[in-house]
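Chain and residue survey
What follows is each chain in one-letter form.
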Amino acid sequence: CWTGVRCFVALVGLALPGIARAADTPPVRLATHDQAPYGTYMADKSFDGVAVRVMNCVFKRMNRPLQLEVYPWERAQKLAERGEIDGFFPATMKPERLAWAGASDVIADQKWVWYMLPASKFDPAAPDFKATAKVGAHFGSNRLKTLLEEGYQVVMQPPTDGHLLKSLLAGRTDAVLVGDLAVAEAMKEQNLNAADFRTLVAKDAPLHAYFGKQFLQGDDPAFLKKFNAQIGKCR
């Protein structure tokens with residue numbers, strides 16, 4: 001799909017034994033973005049990944065139809081915040097989001113990791129790192145927002161982790177803050193390996209699904225509780 005153009009992936013909830021579903025039940029519309037390994041387009045044009053599989057499994061077990069809409073990440077969040085879509089995933093826990101959405105239990109694992117070149121003199125744990133290092137993070141990510149809020153010297157905020165790695169290798173940044181599984185996929189695409197970088201884990205940052213309060217108030221009041229009850233059977 002072209003950047004800025006939404007793409008639809010319909011995942012239909014299947015009837016489970018002993019459960020009836022109204023034929024006219026509208027699908028739950030959730031926004032996501034194209035980022036392996038959580039959700040990405042496969043060779044056969046299907047949209048799949050570790051987070052997508054969890055969501056599909058949960059909705060099937062809940063006997064609810066699901067419609068995924070793939071957008072650039074920042075737009076996916078804005079659509080959910082404005083109530084133009086029912087929610088979005090996968091995203092880290094951020095208190096500001098809870099003002100307009102409810103967060104599920106963890107649907108996928110993630111760590112935030114600093115990537116630097118092996119010869120770099122910078123240390124993210126050092127007191128002067130924030131003020132002196134040129135850093136970058138994925139546009140629209142909680143990582144980028146955190147860096148900006150905490151006063152880091154952000155010089156790069158590209159749309160992909162692949163661009164972040166290129167900026168680091170080209171010397172345009174001193175360090176980049178990435179998600180561990182997503183950047184591993186970007187490294188594969190560029191034929192890079194761990195020996196090309198020095199890394200430091202910043203924090204554990206697992207991923208959740210967010211459902212807008214407008215949706216939750218208009219749907220089953222126990223929707224989020226029922227959703228969470230199925231996650232352990234689907235991860």
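This text gives an overview of the structure that appears in the document. (Residues numbered from 1 in each chain as written. Predicted model: local features only at pLDDT ≥ 70, side-chain atom pairs only at ≥ 80, totals over all residues. Heavy atoms only, no water.)

**Regarding the packing of helix H5 (residues 161-169) against helix H6 (residues 180-189)**
Close contact between H5 and H6 brings their axes to 9 Å; oriented N to C, the two are set at 70°. As summarised for this structure, H5 and H6 are arranged roughly perpendicular, according to the angle between their axes. Taken together, the residues of H6 that come into contact with H5 (itself represented by Asp-161, Gly-162 and Leu-165) are Ala-182, Val-183, Ala-186 and Met-187. Along the lines of polarity and charge, the residues of the contact of H5 with H6 split into five nonpolar, one polar and one charged. (Axes fitted to C-alpha atoms, helices over the stretch in contact; angles between N-to-C directions. Helix = DSSP H or I, 4+ residues; strand = E, 2+ residues; numbered from the N terminus. Parallel < 35°, antiparallel > 145°, perpendicular 65-115°, else oblique. Contact = heavy atoms within 4.5 Å. Nonpolar A, V, L, I, M, F, W, Y, C, P; charged D, E, K, R; others polar.)

**Observations concerning the nonpolar core**
Judged by nonpolar contacts, the single largest core of 28 residues is most densely connected at Leu-30, Met-55, Phe-59, Phe-89, Ile-107, Phe-211 and Phe-227. Listed by contribution, the elements that provide at least two residues to this core are strand E2 (28-32), helix H1 (50-62), strand E5 (66-70), strand E13 (207-212), helix H7 (213-218) and helix H8 (223-234). Of the residues forming this core, the biggest block, seven residues, is contributed by H1. Ignoring any residue separated from it by four or fewer positions in sequence, one finds Phe-227 in contact with Met-55, Val-58, Phe-59, Met-62, Ser-104, Ile-107, Ala-209 and Phe-211. (Core = buried A, V, L, I, M, F, W, Y, C linked by side-chain atoms within 4.5 Å. Buried < 20%, exposed > 50% of the residue type's maximum accessible area, 1.4 Å probe, protein only.)

**A short note on the packing of H1 against H8**
Packing of H1 against H8 leaves a shortest axis separation of 9 Å and a crossing angle of 120°. Between H1 and H8, the angle is such that the two are oblique. Judged by the twist between their axes, the crossing of H1 over H8 is right-handed. Contacts from Val-54, Met-55, Cys-57, Val-58, Phe-59, Arg-61 and Met-62 in H1 reach Phe-223, Lys-226, Phe-227, Gln-230, Ile-231, Lys-233 and Cys-234 in H8. (Left-handed = near helix turned anticlockwise from the far one by under 90°.)

**Comments concerning the packing of aromatic side chains**
With the rule as written, the count across this model stands at 16 aromatic pairs. Between Phe-211 and Phe-223, the ring centres sit 5.0 Å apart and the planes meet at 70°, which makes this aromatic pair edge-to-face. Of the two residues, Phe-211 is situated in strand E13 and Phe-223 in helix H8; the sequence distance between them amounts to 12 residues. A relative accessible area of 0% places Phe-211 in the buried class. For Phe-223, a relative accessible area of 1% gives the class buried. (Phe/Tyr/Trp six-rings, centres within 6.5 Å; stacked < 30°, edge-to-face > 60°.)

**Things to note about the sheet that holds strand E11 (residues 175-179)**
With mixed pairing, the five strands of this open sheet are ordered in space as E10-E9-E11-E8-E12. At either margin of the open sheet sits one strand with a lone partner, and together these are strand E10 (153-156) and strand E12 (198-204). With strand direction ignored, the average angle separating the axes of adjacent strands in the sheet is 35°. The pairing of strand E9 (residues 134-137) with E11 spans three bridges and is classified as parallel. When the sheet's bridge partners are listed, Gly-136 is paired in E11 with Val-176. (Pairing = 2+ DSSP bridges.)

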